[in-house]
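The lines below spell out each chain.
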Amino acid sequence: MASKIIITIQILIALWIILPLIKAQWQPNSFEASLLHQACFNTENRTACLSRISTAHRQGANGPIPILHAAINGALEEATETIEHVSDMSAVSNDLREEMAVRDCVELLGYSSDELKWSLEMMEEIDPEVGNSHREESLRSWLSAALSNQETCMDGFDGTDGRLHVHVESKVRQLTQLVSNILALHKRLRSIIPHTVHENNTGSSATFDLPPLPDWLTRDDEELMRKRRRSVHADAVVALDGTGHFRSIGEAINNAPSHTSRRYVIYVKQGEYKENVDVKRKRRNIALIGDGIGKTVISGSRSFASGWTTFRSATFAVSGPGFMARDITFRNNAGPQGRQAVALRVDSDRSVFYRCSIEGYQDTLYAHSLRQFYRDCNIYGTVDIIFGNGLVVVQHSNIYNRIPLPGQQVTITAQGRKDPNQDTGFSMQDCFVDATYPTYLGRPWKPYSRTVFMQSYLGPQVAPAGWLVWYGNFGLDTLFYGEYMNHGPGAGLGGRVKWPGYHIIKDPAMAAMFTVRRFIDGLSWLPNTGVIFTADLDG
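Residues numbered from 1 in each chain as written. Predicted model: local features only at pLDDT ≥ 70, side-chain atom pairs only at ≥ 80, totals over all residues. Heavy atoms only, no water.

### Topic: the sheet that holds strand β13 (residues 365-367)
And then number 1: Here 7 strands make up an open sheet; going across it, the order is β4-β7-β10-β13-β16-β19-β22 and the pairing parallel. On the outer flanks of this sheet lie β4 (277-279) and β22 (439-442), each paired with one strand and no other. For this sheet, the mean angle separating the axes of adjacent strands, direction not counted, is 15°.
And then number 2: Pairing geometry for strand β10 (residues 344-346) and β13, over 3 bridges, is parallel. The residue of β13 that forms the bridge with R345 is Y366. (Pairing = 2+ DSSP bridges. Helix = DSSP H or I, 4+ residues; strand = E, 2+ residues; numbered from the N terminus. Axes fitted to C-alpha atoms, helices over the stretch in contact; angles between N-to-C directions.)

Right, dumping it as structure tokens:
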């Protein structure tokens, strides 16, 4: 009996000595502790969140960066669980719009899951000892998109009785908060992770290895136009008359290889293709080449008024990364009475639209998420012609307004940035705004809405105030709207709004923040496409 007591005492003494050492070994320093708390800020079960991230952190390397990795991994687990919960809700509804909203949510939550996975993979490539500029930009873009998807999920329940809205919101709220926390965490870590850009001898662009230009596209626009028909090497041909491999664009897309790293070119012969096309995430690096604006046309007529969610109303939707379109018209024929009726919806990272026409009325171009570039395009509409929460540059393009319904105001943009740490926004550079009806440059759809018009022609019917409220004072203190060196009869600044968030930009350095080079990190990916672009400010 005495020996057992002695052994017990010895064990207790050993634990008394060892446990503090173990605790000290895994105890984060004050900076790491503050990062842990920030990662779990305002979550519904903060203790469980801290425990999960702390455990993942202890299993990884020391330092603050593994905390970000652990936080992203925790959000990914939350996204997986949320998808399962929301998927089950479609069975409890007998309302078609609700069921569609639930399906939208499942797809959007899948986008968030993808973007969190991409972020985890990118974290493995970030080296704290060297420059990481392009990797950091990608990471921030993907996290920004992963935050936007839940907001769109909830927007889909507009027009329902709200019953299912409450249940879905309770499921996505935690994921939204986790991703918002990760963005704040990432912003703090950017101060300690090198993200310098190595300049070449002229100081004009970043240096990096690029694959050769595709053989079907050249940078010389005039040469491109001259050789267009014979220079396209198509992997698939679509023709209404049966002279190609497929009669429909959707069929050609669905037969394209999945997750390919090479450019897959689909040539679409002239004609009007009456179909709704959805290019899913697994269809990567697809190029859709038409015979020209007004010749190759993709048309549909889905709209909110006819029972579709805004997200699902798109005539053409693309989420596969690296998508390109050239010489094509995307059209929604629902008309102004259809209300929200999207012609083109884009969730494709590093996507390009060149010499395309995007035609509708309300909500024509849904630049939903991720990095997008539009060049030499025509965009038609009435209310919120370009909207969403993508990271977008529209360059050297024409914007045409149409006659709105009585009581409607023509607004060119409705940018949806909801978090100050998101990198999203719209930059309209060297564009032609053909305002022939009273027109506003934009209005704040979400509180941190961000849009700039630079070096663009503004037509005679651009309202003297320039910008329109959403309702009351919503977003006026937190938005960022700017104008820089615009010209034309609607470019006068004397009557512009006096909101705290509105800026008359005079400093070229500030304007340069919204260029292809700086805003969408364009020099890391646009040269690969062969599409002409202006990297910096004109002149």
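That covers the picture; the talk isn't over yet.
### Focus on the environment of A334
And then number 1: Looking at the element boundaries, A334 is found in the loop between β9 (329-332) and β10.
And then number 2: For the pair A334 and G300, spaced 34 residues apart in sequence, the C-alpha separation works out to 7.7 Å.
And then number 3: With sequence-adjacent residues up to four places away left out, A334 is seen in contact with G300, S301, R302, S303 and A341. (Contact = heavy atoms within 4.5 Å.)

### A few points about the pattern of salt bridges
And then number 1: Evaluated as defined, the whole model comprises 22 salt bridges.
And then number 2: Among the ionic pairs, D155 bridges to K446, the shortest N-O distance being 3.7 Å. Here the residue D155 occupies a position in helix α6 (residues 133-155), and K446 occupies one in the loop between β22 and β23 (450-454), the gap between them amounting to 291 residues.
And then number 3: Judged by its relative accessible area of 23%, D155 is partly exposed.
And then number 4: Through salt bridges with shared partners, one network takes in D104, E107, D278, K280, R312, R345 and D347. (Salt bridge = Lys/Arg side-chain N within 4 Å of Asp/Glu carboxyl O. Buried < 20%, exposed > 50% of the residue type's maximum accessible area, 1.4 Å probe, protein only.)

### Some words on the side chain of T382
And then number 1: Within the secondary structure, T382 is located in the loop between β15 (378-381) and β16 (386-388).
And then number 2: A relative accessible area of 1% places T382 in the buried class.
And then number 3: Polar contacts involving the side chain of T382 include one to the main-chain amide nitrogen of Q362, which spans 3.4 Å.
And then number 4: Ignoring anything within four residues of it in the chain, the contact list for T382 reads Y361, Q362, R402, I403, P404, Q408, Q409, V410 and T411. (Polar contact = N/O pair within 3.5 Å; in protein donor to acceptor, adjacent residues only side chain to side chain.)

### Digging into unusual backbone geometry
Backbone geometry follows two general trends: most residues other than glycine have a negative phi, and most peptide bonds adopt the trans configuration.
And then number 1: The phi dihedral of R350 falls on the positive side, at around 60°, and the residue is not glycine.
And then number 2: Looking at R350, the relative accessible area reads 26%, which means it is partly exposed.
And then number 3: Backbone geometry at D384 places phi at a positive 50°, although glycine is not the residue there.
And then number 4: If you trace the backbone, D384 turns up in the loop between β15 and β16.

### A closer look at the pairing of β9
And then number 1: The pairing of strand β6 (residues 296-300) with β9 spans 4 bridges and is parallel. Its bridge partner lying in β9, V297 is registered against T329.
And then number 2: Looking at chain direction, β9 and strand β12 (residues 357-359) are connected through 3 bridges and run parallel. Considered in β12, the bridge of F330 is made with I358.

### Here we look at the pairing of strand β18 (residues 398-401)
And then number 1: Only one face of β18 is buried, namely the one carrying I399 and N401, since none of N398 and Y400 on the opposite face is buried.
And then number 2: One ladder, built from 4 bridges, connects β15 with β18; its direction is parallel. Residue Y380 lies in a different strand from β18, and its bridge partner there is Y400.
And then number 3: Alignment of β18 against strand β21 (residues 432-434), held across 3 bridges, turns out to be parallel. Each bridged residue has a counterpart across the sheet, and for I399 the counterpart in β21 is V433.

### Some words on the packing of aromatic side chains
And then number 1: Inspection of every chain in the model, using the stated rule, returns 18 aromatic pairs.
And then number 2: Plain terms: the ring middles of F432 and Y457 are 4.6 Å apart, the flat faces sit at 10° to each other, and that makes the pair stacked. A residue pair is termed long-range when its members are at least 10 positions apart, and F432 in strand β21 and Y457 in strand β24 (residues 457-458) qualify at 25 residues.
And then number 3: Of the residues examined, F432 reaches a relative accessible area of 33% and is grouped as partly exposed.
And then number 4: On the basis of relative accessibility, which here comes to 23%, the residue Y457 falls in the partly exposed class.
And then number 5: Ring centres 5.6 Å apart and planes at 25° place the aromatic pair F480 and F514 in the stacked group. Of this pair, F480 sits in strand β25 (residues 480-484) while F514 sits in the loop between α10 (508-511) and α11 (516-519), and the two are 34 residues apart along the sequence. (Phe/Tyr/Trp six-rings, centres within 6.5 Å; stacked < 30°, edge-to-face > 60°.)

Taken by themselves, the reported measurements are silent on function.
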